[in-house]
Amino acid sequence: MKILVVEDEPVLRDGLVELLSGAGHSVEAVSDGLSATRWGLETSFDLVLLDLMLPKLDGLEVCQRLRKARPALPILMLTARGSEEDKVRGLRTGADDYVTKPFGAKELLARVEALGRRAKAAPAGPDVAETDDCHFDFGRCEARRGKQITALTPREVGLLRWLHRHRARTVSRAELLEQVWGARADMETRTVDMTVANLRQKIERDPANPRIVVSVKGVGYAWGKR
Ligand code: CA
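Residues numbered from 1 in each chain as written. Predicted model: local features only at pLDDT ≥ 70, side-chain atom pairs only at ≥ 80, totals over all residues. Heavy atoms only, no water.

Peer 1: Looking at this model, I keep getting lost on the overall build of the chain. Mind explaining?
Peer 2: Check the secondary structure of the chain and you find eight helices and 12 strands. The C-alpha atoms of the chain give 17 Å as radius of gyration, which agrees with the globular expectation for 226 residues (17 Å, within 12%). For the chain, the C-alpha atoms occupy an extent of roughly 55 × 40 × 35 Å along the three principal directions. Out of the 226 residues in the chain, the part that is buried amounts to 50%. The contacts of the chain with a sequence gap of at least 6 include a subset with a gap of at least 24, amounting to 56%. (Helix = DSSP H or I, 4+ residues; strand = E, 2+ residues; numbered from the N terminus. Rg over C-alpha atoms; globule rule 2.2 N^0.38 Å. Buried < 20%, exposed > 50% of the residue type's maximum accessible area, 1.4 Å probe, protein only. Contact = heavy atoms within 4.5 Å.)

This is the structure:
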């Protein structure tokens, strides 16, 4: 994969470049938010590894700008230890996943590769769905209602695609975490709820009464109102 590393701490940045290059990836590294935005928009990367606290322009702003121009670009955010609020904000601005510092080399590589694999796995046949007058083009990371088109993140597309594919049943949070996030089932299931809440704001007519991503009490989520 071609990876952009955005990290202002030189030791960590060099470590990340070495780790990812060693795993066979082609890596570019920058140390501030403005360069990150410029590089991210000018060059076509397969994945961006983005630190949250950056000089010139913070990681959230960079994430928003990249996401707007490149809806399908996988973004993995690096957050400080224990900062729950950072994780929530990161996922809200469109990061696909986060890794908390300090992290192990193995964990980071696993996350990078899982995210890249999911982004590349293009399904056979038309990758579309429709419900409640909302049309989804998963391949283009788009939802359309009437004339209004909304960009979706790869994570949101992954979640919708999984629910749609298994629409005959209810899907548990643990299953979504495992299948869409590539995480172990004991990772926080609240991550799923946060993504769903954000997604509903984008695609549901009335996010308080969802008809597309429906909650099934005590079980998880299901595709479409029964
Ligand atoms: Ca930093």
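Peer 1: Is there a simple way to think about the sheet that holds strand β12 (residues 220-223) in this case?
Peer 2: Each strand in a sheet pairs with another by means of backbone hydrogen bonds, the pair being arranged parallel or else antiparallel. An order of β10-β12-β11 is seen for the three strands of this open sheet, with the pairing classed as antiparallel. Two strands lie at the open edges of the sheet, namely β10 (171-172) and β11 (213-216), each paired on one side alone. With four bridges connecting them, β11 and β12 associate as antiparallel partners. Pairing of Val 216 across the sheet is with Gly 220, part of β12. Sheet strands in contact with helix α6 (residues 154-165) are β10, β11 and β12, and its direction is about 75° off that of β12. (Pairing = 2+ DSSP bridges. Axes fitted to C-alpha atoms, helices over the stretch in contact; angles between N-to-C directions.)

Peer 1: How do you make sense of the sheet that holds strand β1 (residues 2-6) when you look at a structure like this?
Peer 2: Reading across the sheet, the five strands line up as β2-β1-β3-β4-β5 and stay open at both edges, with parallel pairing between neighbours. If you trace the sheet from one side to the other, it starts and ends with β2 (26-30) and β5 (97-100), each paired once. Taken pair by pair, the neighbouring strands of this sheet meet at an average axis angle of 20°, ignoring direction. Where strand β4 (residues 75-79) lies against β5, four bridges are found, and the strand directions are parallel. Bridging across to β5, Thr 79 finds its partner in Thr 100. Across the face of the sheet, helix α4 (residues 84-92) comes into contact with β4 and β5 while running at roughly 155° to β5.

Peer 1: I keep staring at the environment of Arg 169 and nothing clicks. Help me out?
Peer 2: Tracing the sequence through the fold places Arg 169 in the loop between α6 and β10. With 54 residues separating them along the chain, Arg 169 and Trp 223 place their C-alpha atoms 8.3 Å apart. Residues within four places of Arg 169 in sequence aside, it is in contact with Glu 175, Ala 222 and Arg 226. There is a polar contact of 2.8 Å between the side chain of Arg 169 and the side chain of Glu 175. (Polar contact = N/O pair within 3.5 Å; in protein donor to acceptor, adjacent residues only side chain to side chain.)

Peer 1: How should I be thinking about the coordination of the calcium ion in this particular structure?
Peer 2: Ideal geometry at a metal gives 109.5 degrees between four tetrahedral donors and either 90 or 180 degrees between six octahedral ones. For the calcium ion, the protein coordination sphere consists of Asp 8 (OD), Asp 51 (OD) and Met 53 (O), at 2.1 to 2.3 Å. Spacing between the donor residues of the calcium ion along the chain follows D-x42-D-x1-M. Judged by its relative accessible area of 3%, Asp 51 is buried. By relative accessible area, Met 53 is classed as exposed at 63%. (Donors = N, O, S within 2.8 Å, 3.2 Å for Na, K, Ca; no water.)

Peer 1: Explain the domain arrangement of the chain here, please?
Peer 2: It is common to report an interface's size as the accessible area lost on association of the parts. Under the domain assignment, the chain is made up of domain 1 (2-120) and domain 2 (128-223). A separation of 23 Å is found between the C-alpha centroids of domain 1 and domain 2. For the pair domain 1 and domain 2, the summed buried surface comes to about 1300 Å²; carbon and sulfur atoms form 51% of the total. Counting the surface domain 1 buries against domain 2, the share from its top three residues, Pro 71, Asp 96 and Arg 118, is 36%. Applying the counting criterion to the domain 1 and domain 2 interface returns one salt bridge. One salt bridge in this structure joins Asp 97 and Arg 155, with 3.7 Å as the shortest N-O distance. Those elements giving two or more residues to the side of domain 1 that touches domain 2 turn out to be α4, β5 and α5 (105-120). The element that contributes the greatest number of residues to the side of domain 1 that touches domain 2 is α4, accounting for five residues. Within the side of domain 1 that touches domain 2, the residues separate by chemical class into seven nonpolar, one polar and eight charged. (Domains from an automatic or database assignment. Buried area = accessible area lost by both parts, 1.4 Å probe. Salt bridge = Lys/Arg side-chain N within 4 Å of Asp/Glu carboxyl O. Nonpolar A, V, L, I, M, F, W, Y, C, P; charged D, E, K, R; others polar.)

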